[in-house]
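Summary of the model geometry
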Amino acid sequence: MNAIKVVGVVGAGSMGQGIAQSCATAGYEILLCDVKTEVVEKGLQNIAKNLDQAIAKGKLTEEKKRSALQKLRAVSPENLKADLIIEAVIEKLELKQKIFADLEKINSNETVLATNTSSLSVTKIASTLTYPERFIGLHFFNPAHLMKLVEVISGTQTDESLVIPMTNFVKSLEKIPVVVKDSPGFIVNRVARHYYLESLKLLEENAADIGTIDALTRSAGFKLGPFELMDLIGNDINLEVSRQMYEAFGQVKRFKPSGIQEEKVRLGNLGKKTGKGYYDYEKK
C-alpha cells in the first residue's frame, strides 16, 4: 500500500472531530467532510477549543496547535480523495455502504477505506464494495482525541497485509492498537454493553438513583459512571449499538435494550449534545 500522508474523515460529529484532531496533531494532512457544511465548521471550532484545553493543561504547545490547525481542511464529500479515509457516521448499515460505494468511485484502488463502526459487521459493510480487500475497521473510542485504545478489525475479505500498516498508523497517533476479529461488538463494546444495561436495570428496579450509581462506579475506578458515559456518547448512539448487539446475538435477554433508554431517545434527550440526557447540562 502507498504511504499514508492524507487522511480523510467522513462525519464531523464528536467522533469525527476527535479522529481528525488525533491525526492532525500526529502530522497528517486532514480532509474533514460532512453532508452539512455547518457541522464541519462547528467541528473545526471544537477541535480548536480542544487544542486550547490541551495547551492549558501543558500537554500541547502553541506551535503544535498552529501546525495541527494548518493541516485541517474542510472538503465536500464529492471531493474527498485521500490515502486513508475513515468513516465516523451513525450506525446505519445502508448509509455506511452508500458512503463507501461513493468514495470507492472517486478514489484510487490503493486508497484504504476504514469504518469506525462500534457494532456493525465490517464484513457486511464491505460486502457491496468492488475492492473489499482494501476495507478495514478502525474503532476509536469517545472522546477519540483522548482515548488511547483503537480496535483494528479485519473483515473476511480484508487483505491481511493491511493489518500491520494500520496498526502502525494507530501507533503513529500515539494510541494503542488491538487486533480483533469481526464479531458483534468486537471486544470492548461487547463487554461494556453490560456496564450500561445492568446499570439501567438497577435504575428500573429502584435499587439506586442515577447519581448514586455513577458515584459508586467511579469510586470503584471507572473514570465516568455509566449514565455520564451514555450522555457523553449520545443516548441515541448507545441505544442503536444495544439494538445491533441484541439482534446479532439472536435477541438473547442479556443484550435487550432498556425501556428507559428508549424513552430518552423518544423525547430527544440524547445527552450532552442536546443539553439534556440523564443529567441536565443546561443548568450546569
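Up top is the structure these notes are about.
Remember, it's a predicted structure, so these values are computed and weren't measured experimentally.

**Quick notes on the overall build of the chain**
Across its full length, the chain carries 11 helices and 8 strands. The C-alpha atoms of the chain give a radius of gyration of 19 Å, which matches the 19 Å a tight globule of 284 residues would have. For the chain, the C-alpha atoms occupy an extent of roughly 55 × 45 × 30 Å along the three principal directions. Looking at the chain as a whole, 49% of its 284 residues qualify as buried.

**Describing the pairing of strand β5 (residues 112-115)**
Side chains V112 and A114 of β5 all project onto a buried face; the interleaved residues L113 and T115 project onto the opposite face, where all are buried too. Bridge analysis of strand β4 (residues 84-87) against β5 gives 4 bridges, and the strand direction is parallel. Its bridge partner being in β5, L84 is matched across the sheet by V112. Handedness of the crossover joining β4 and β5 through helix α4 (residues 93-106): right-handed. Here β5 pairs with strand β6 (residues 135-140) via 3 bridges, running parallel.

**What about helix α7 (residues 188-204)?**
Within an α-helix, residues lying three or four positions from one another point in the same direction, as the helix has 3.6 residues per turn. The end-to-end C-alpha separation of α7 is 24 Å, in line with the 24 Å expected for 17 residues at 1.5 Å each. Considered for burial, the residues of α7 that qualify are N189, A192, R193, Y195, Y196, L197, S199, L200 and L203. Looking one or two residues past α7, N206 carries a phi angle of roughly 60°, positive in sign.

**Thoughts on the sheet that holds β5**
Read across the sheet, 8 strands follow the order β3-β2-β1-β4-β5-β6-β7-β8 without closing on themselves; strand pairing throughout is mixed. Only two strands of the sheet have a single partner each, and these edge strands are β3 (72-74) and β8 (176-180). With direction set aside, neighbouring strand axes in the sheet form an average angle of 25°. As paired elements, strand β1 (residues 6-10) and strand β2 (residues 29-33) share 5 bridges and run parallel to each other. Directly across from V9, in β2, lies its bridge partner L32.

**Things to note about the packing of aromatic side chains**
One pass over the structure, following the stated rule, counts 7 aromatic pairs. Ring centres of Y195 and F222 lie 4.5 Å apart, and the angle between their planes is 20°; this geometry places the pair in the stacked category. Of the two residues, Y195 sits in helix α7 while F222 sits in the loop between α8 (210-219) and α9 (226-233), which places them 27 residues apart along the sequence. Within the aromatic cluster, the residues linked to one another by ring pairs are Y195, Y196 and F222. Positioned above the aromatic ring of F249, the side-chain terminus of R254 is 5.8 Å from the ring centre.

**Overview of unusual backbone geometry**
Here N142 and P143 are connected by a cis peptide whose omega angle stands at -5°. Within the secondary structure, P143 is located in the loop between β6 and β7 (149-154). At N206, a position not held by glycine, the phi torsion is positive, near 60°. As for its position among the elements, N206 is in the loop between α7 and α8. Since its relative accessible area comes to 68%, N206 is described here as exposed.

**Comments concerning the nonpolar core**
Counting residues in each nonpolar core, the largest one holds 35 residues, and the members touching the most others are V7, I19, I30, I86, L138, F140 and F169. The dominant element in this core, judged by the number of residues it contributes, is helix α1 (residues 14-25), at 5 residues. Excluding anything up to four places from it in sequence, I30 contacts V7, V9, A20, C23, A24, K71, L72 and R73. Core analysis: the next-biggest nonpolar cluster, separate from the first, contains 20 residues, V10, L80, L113 and L129 among them.

**Considerations on the state of the cysteines**
Tallied over the full model, the rule gives 0 disulfides. Free cysteine: C23, not disulfide-bonded; nearest cysteine sulfur from C33 at 14 Å.

**Some details on the packing of α7 against helix α10 (residues 235-248)**
α10 packs onto α7 with a crossing angle of 115° between their chain directions and a minimal axis gap of 11 Å. Seen from above, α7 lies across α10 with left-handed handedness. Side by side, α7 and α10 meet where N189, R190, R193, Y196 and L197 of the first sit next to N238, V241, S242 and M245 of the second. Split by residue class, the contact of α7 with α10 holds 4 nonpolar, 3 polar and 2 charged.

**Quick look at a nonpolar patch on the surface**
On the surface, a nonpolar cluster with roughly 340 Å² of combined accessible area is contributed by I176, V178, I187 and V191. Relative to the assigned elements, I187 resides in the loop between β8 and α7.

Thresholds, definitions, all that
Residues numbered from 1 in each chain as written. Predicted model: local features only at pLDDT ≥ 70, side-chain atom pairs only at ≥ 80, totals over all residues. Heavy atoms only, no water. Helix = DSSP H or I, 4+ residues; strand = E, 2+ residues; numbered from the N terminus. Rg over C-alpha atoms; globule rule 2.2 N^0.38 Å. Buried < 20%, exposed > 50% of the residue type's maximum accessible area, 1.4 Å probe, protein only. Pairing = 2+ DSSP bridges. Right-handed = clockwise from strand over helix to strand, strands pointing away. Expected span 1.5 Å × (residues − 1). Axes fitted to C-alpha atoms, helices over the stretch in contact; angles between N-to-C directions. Phe/Tyr/Trp six-rings, centres within 6.5 Å; stacked < 30°, edge-to-face > 60°. Lys NZ or Arg CZ within 6 Å of the ring centre and 35° of its normal. Core = buried A, V, L, I, M, F, W, Y, C linked by side-chain atoms within 4.5 Å. Contact = heavy atoms within 4.5 Å. Disulfide = S-S within 2.5 Å. Left-handed = near helix turned anticlockwise from the far one by under 90°. Nonpolar A, V, L, I, M, F, W, Y, C, P; charged D, E, K, R; others polar. Patch = residues over 30% accessible without salt bridge, like charges linked within 9 Å, V, L, I, M, F, W, Y side chains within 5 Å. Areas by Shrake-Rupley, 256 points an atom, 1.4 Å probe, with all protein chains shown as cover. Salt bridge = Lys/Arg side-chain N within 4 Å of Asp/Glu carboxyl O.

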